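# Descriptive analysis of the structure
Okay, here's what each chain looks like letter by letter:
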Amino acid sequence: MPDWIDSHVRCFEFLGGASALLVPDNLKSAIKLACRYEPEANSTYEELARHYFTAILPARPRKPRDKPLVEGGVLLVQRWILARLRNQQFFSLERTQ
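Below: a short report on this structure. All values derive from a computational prediction rather than experimental measurement.

Below, the discussion takes up the side chain of threonine 54. You can see threonine 54 is positioned in the loop between α2 (43-51) and β4 (55-56). Polar contacts involving the side chain of threonine 54 include one to the main-chain carbonyl oxygen of serine 19, which spans 2.7 Å. When residues no more than four places from it in sequence are discounted, the contact partners of threonine 54 are Ser19, Ala20, Leu21, Leu22 and Ala49.

Before going further, it helps to spend a moment on α2. Note that an α-helix has 3.6 residues per turn; residues three or four places apart therefore point the same way. Inspection of α2 places Tyr45, Leu48 and Ala49 among the buried residues, and these make up the whole buried set. For α2, the arc enclosing every buried residue in end-on projection is 100°, short of the 170-degree limit, so these residues lie on one face. Residues of α2 that are exposed and point more than 90 degrees away from the buried face comprise Arg50 and His51. Taken from the residues just after α2, phenylalanine 53 is the one with a positive phi, measuring 55°.

This part is about helix α1 (residues 2-15). When the terminal C-alpha atoms of α1 are compared, their 20 Å separation across 14 residues agrees well with the 20 Å that a helix rising 1.5 Å per residue should span. Among all positions of α1, only Ile5, His8, Val9 and Phe12 are buried. An end-on view of α1 places all buried positions within 95° of arc, on one side of the element. Opposite the buried face of α1, by more than 90 degrees, sit the exposed residues Asp3 and Phe14. Packing partners of the buried residues in α1 comprise β1 (21-22) and α2. Two residues or fewer past α1, glycine 16 is found with a positive phi of approximately 80°.

Here the structure, examined in full by the defined rule, presents two salt bridges. Between arginine 10 and aspartate 6 there is a salt bridge, with its nearest N and O atoms 2.4 Å apart. Taken together, the residues span about one helical turn, with arginine 10 and aspartate 6 both in helix α1 at a distance of four residues. A residue is classified by how much of its surface remains accessible, and arginine 10, at 36% relative accessible area, is partly exposed.

Turning our attention to the nonpolar core. Judged by nonpolar contacts, Ile5, Val9, Phe12, Leu22, Ala30, Ile31, Ala41, Tyr45 and Leu48 together constitute the single largest core of nine residues. Contributing elements (two or more residues each) for this core: α1 and α2. Broken down by element, the residue count for this core peaks at three residues, all from α1. Alanine 30 has contacts with Trp4, Pro24, Ala41, Asn42 and Tyr45, leaving out every residue within four places of it along the chain.

What follows is about the packing of aromatic side chains. Applying the stated criterion to the full structure yields two aromatic pairs. On the numbers, 5.7 Å between centres and 55° between planes, the contact of tryptophan 4 with tyrosine 45 is tilted. Residue tryptophan 4 is located in helix α1, and its partner tyrosine 45 is located in helix α2; the two are separated by 41 residues in the primary sequence. Overall, the relative accessible area of 1% leaves tyrosine 45 in the buried class.

Definitions and limits used
- Residues numbered from 1 in each chain as written.
- Predicted model: local features only at pLDDT ≥ 70, side-chain atom pairs only at ≥ 80, totals over all residues.
- Heavy atoms only, no water.
- Helix = DSSP H or I, 4+ residues; strand = E, 2+ residues; numbered from the N terminus.
- Polar contact = N/O pair within 3.5 Å; in protein donor to acceptor, adjacent residues only side chain to side chain.
- Contact = heavy atoms within 4.5 Å.
- Buried < 20%, exposed > 50% of the residue type's maximum accessible area, 1.4 Å probe, protein only.
- Arc of directions from axis to C-beta.
- Expected span 1.5 Å × (residues − 1).
- Salt bridge = Lys/Arg side-chain N within 4 Å of Asp/Glu carboxyl O.
- Core = buried A, V, L, I, M, F, W, Y, C linked by side-chain atoms within 4.5 Å.
- Phe/Tyr/Trp six-rings, centres within 6.5 Å; stacked < 30°, edge-to-face > 60°.

On their own, these measurements won't tell you what the molecule is for.
Written out as structure tokens, the structure is:
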């Protein structure tokens, strides 16, 4: 959960704001109860959404048409990141400032 929230904060800071809607998959770090009609987000994730004036609308469980929206975004960002890092070599996992 701390990594999940911290990743969102760093992303929002980098972008200079947050999108109007967050569409996470039904992972445990984000969604407490995956329900088709009234999904329940974890309280920490809800606080993050309130702080950044955004809404959380998780992908519906067992609805394959919702998955491409989530997975497509992840694939796009993953490609951007890996393209920037492809010619670099890392020797530790420590974050530099």
